[in-house]
Amino acid sequence: MATFFGEVVVAPSRAGLDEEEEAREETPEDREIRKEIEKKREIDVLWTWRSGGCAEEPLVCSRFIVAIGRNAAAFLSSFILDSVCWEVVGVVKLWNEWCRTSSTTNVLPTDSFCLFYRLISDPTVLLCQCSCYVAEDQQFQWLEKVFGSMQKKGLQVTILSTCPVADYKTQESTLTLVSPFLRALKTKEFQEQVCCPLLEQPNIVRDLPAA
Amino acid sequence: MFIPCDRGGGSAAPDFKGFTLLMPAVSVGNVGQLAIDLVISTLDMTKVGYFYTDCLVPMVGNNPYATAEENSTELSINAEVYSLPSKKLVVLQIRSPFIKNKYRPFCETLLSWVKSSKCGRVVLLSSSHAYQRDDEQLLGTPLRYLLTPDLEKAVGGRMKELNWKEMERVAAYPGISDTDKVLHIPGGGITKLLFNESCSEGIQMAVLLKFCSEGDNIPDAFVLVNYLNEWLQLIKSEVSNDPSSQWKIPSSWRLLFGNGLPPALF
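Anyway, here's the lowdown on the structure attached to this text. Small disclaimer: the values here were computed from a predicted structure and weren't measured. (Residues numbered from 1 in each chain as written. Chains lettered and ligands numbered in written order. Predicted model: local features only at pLDDT ≥ 70, side-chain atom pairs only at ≥ 80, totals over all residues. Heavy atoms only, no water.)

### Things to note about the overall build of chain A
A count of helices and strands for chain A gives five helices and nine strands. Secondary structure elements of chain A, listed N to C terminal, follow the sequence α-α-β-β-β-α-β-β-β-α-β-β-β-α. For chain A, buried positions account for 33% of its 211 residues. Pairs at least 24 apart in sequence give 67% of the contacts found in chain A among residues at least 6 apart. Taken as a whole, chain A presents about 13300 Å² of accessible surface, with 57% of it coming from carbon and sulfur. (Helix = DSSP H or I, 4+ residues; strand = E, 2+ residues; numbered from the N terminus. Buried < 20%, exposed > 50% of the residue type's maximum accessible area, 1.4 Å probe, protein only. Contact = heavy atoms within 4.5 Å. Areas by Shrake-Rupley, 256 points an atom, 1.4 Å probe, with all protein chains shown as cover.)

What follows is the structure, given as structure tokens:
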């Protein structure tokens, strides 16, 4: 469409359309490049308690706490994790345009990482600190590979995440809101008391916490 | 792909044999999706399942069609299926954009589900960039339809009675007069791909689309849903000045354009 200055620009769409790419038929070279990129963007979940070659039994897990994003990861580091009660049992290795994680478990708080810890006194309690950004096309893979290693019967999952207050939709202005504040979403199978109000419509959660 | 809801009592998966599948394309202005919201909300449809797919950006929230405190806490995700057996209608709602390179896999999985669940026909609600219309399309109605050859035989006559306009095909190479005419739906998302695949798979599909631009697309959604209603007669269309009054706006449409203003501004 034409703008006031007379130049013609392609109007971006809220619907997130990416048409030019999708409309073109894929040549063999395109397919080759796409497969290479997909391979580079594959996620590896490495569990330290599994040695290569032995049968891959699922991890028995009763509670799984996942902290997604730097703030939530920092919360766990400050208030929950310590080297006495928790041991590292896994790491996720991934690459995308925003970050790269490695398979090392010795990380600095400013690094991008995704680590799994197990409570030594109760090895069925698992914790995940994911401070790296998991891209859209990797979220499903992350989900399948992490939960695929677990026995899910009787499993309770708690997801901790943060969102900017500016994204919160409410009748009043967000300037007058007392922040930070908590909101929750729960499945109908979760019968326990929730410690804060439920997330009101029209607010939503997206990306890895949603997945 | 399709996971039925567990309604308890060991009920069998829902049967969609012969049903009409109504679904949106994620397209300019999100008009198809808004129109589907109106259909689900007005007909008070029951959720019967969802699609477990890696093709859409994940999202989750509470019930977008909540009418009271009691029904507001059911979780809702990016691709859910609702049904109304009395009208033999099953509706798919898509609530997030497609992930790059996933248009084709989604279309293939969807059409294979349509075939396995033996849906009678598919109606796709979509939209296209208004600024890409040619001189003739600028005049007259902004609404268009398309039918796959299999559905053309069944309902082509009805479209003529309704005096509907079929989507024009354009020259593959504009400016050169003797090239093939092709379908071009800019801003239509998966519309063209799904339509072409349905033609080749022998699926009965209709596409209903509106030319529009990004902005406040609620009026476009009303126009599109009334267009759909002319054909499918989902609700009684009363003769009144305000054709939008019979459709129920869902509670999730609140605050589409931001929060309230800070009093300190004034």
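Once you've had a look at it, read on.
### Section: the sheet that holds strand S4 (residues 86–93) of chain A
Within a sheet, each strand pairs with its neighbour through backbone hydrogen bonds, oriented either parallel or antiparallel. Residues and elements named next belong to chain A. Reading across the sheet, the six strands line up as S1-S4-S5-S6-S3-S8 and stay open at both edges, with mixed pairing between neighbours. Strand pairing shows two members of the sheet lacking a second neighbour, strand S1 (44–47) and strand S8 (156–161), which therefore form its edges. The average undirected angle you get between the axes of adjacent strands in this sheet is 20 degrees. Pairing analysis gives four bridges linking S1 to S4, with the strands arranged antiparallel. Its bridge partner being in S4, Trp 47 is matched across the sheet by Gly 90. Lying over the sheet, helix H3 (residues 70–79) contacts strand S3 (63–68), strand S6 (122–130) and S8, oriented at roughly 135 degrees with respect to S6. (Pairing = 2+ DSSP bridges. Axes fitted to C-alpha atoms, helices over the stretch in contact; angles between N-to-C directions.)

### Considering the sheet that holds strand S2 (residues 20–24) of chain B
Residues and elements named next belong to chain B. Strands sit in the order S1-S3-S6-S7-S2-S8-S12-S9 across an open sheet of eight strands; the sheet is mixed. Single-partner strands in this sheet number two, and they are strand S1 (2–4) and strand S9 (143–147). Averaged over all adjacent pairs, the angle separating strand axes in this sheet is 25 degrees, with direction ignored. Of the pairings in the sheet, the one linking strand S6 (residues 79–84) to strand S7 (residues 89–94) comprises six bridges and is antiparallel in character.

### Section: the interface of chain B and chain A
Of the residues lining the interface, 42 residues belong to chain B; the matching set on chain A comes to 44 residues. Summing the contributions of chain B and of chain A, the shared interface buries around 3500 Å²; its carbon and sulfur component is 55%. Of all residues in chain B, Pro 58, Asn 62 and Asn 259 of chain B bury the most surface against chain A, accounting for 15% of the area lost on that side. Inspection of the chain B/chain A interface yields zero salt bridges. Here chain B and chain A share eight residue pairs in polar contact (both at pLDDT 80 or more) between them. Mapped by element, the contributors of at least two residues to the side of chain B that touches chain A are strand S4 (59–62) and helix H2 (103–116) of chain B. Examining the composition of the side of chain B that touches chain A, we find that four residues originate from one element, S4 of chain B, more than from any other. Across the side of chain B that touches chain A, the residue classes break down as 19 nonpolar, 17 polar and six charged. (Buried area = accessible area lost by both parts, 1.4 Å probe. Salt bridge = Lys/Arg side-chain N within 4 Å of Asp/Glu carboxyl O. Polar contact = N/O pair within 3.5 Å; in protein donor to acceptor, adjacent residues only side chain to side chain. Nonpolar A, V, L, I, M, F, W, Y, C, P; charged D, E, K, R; others polar.)

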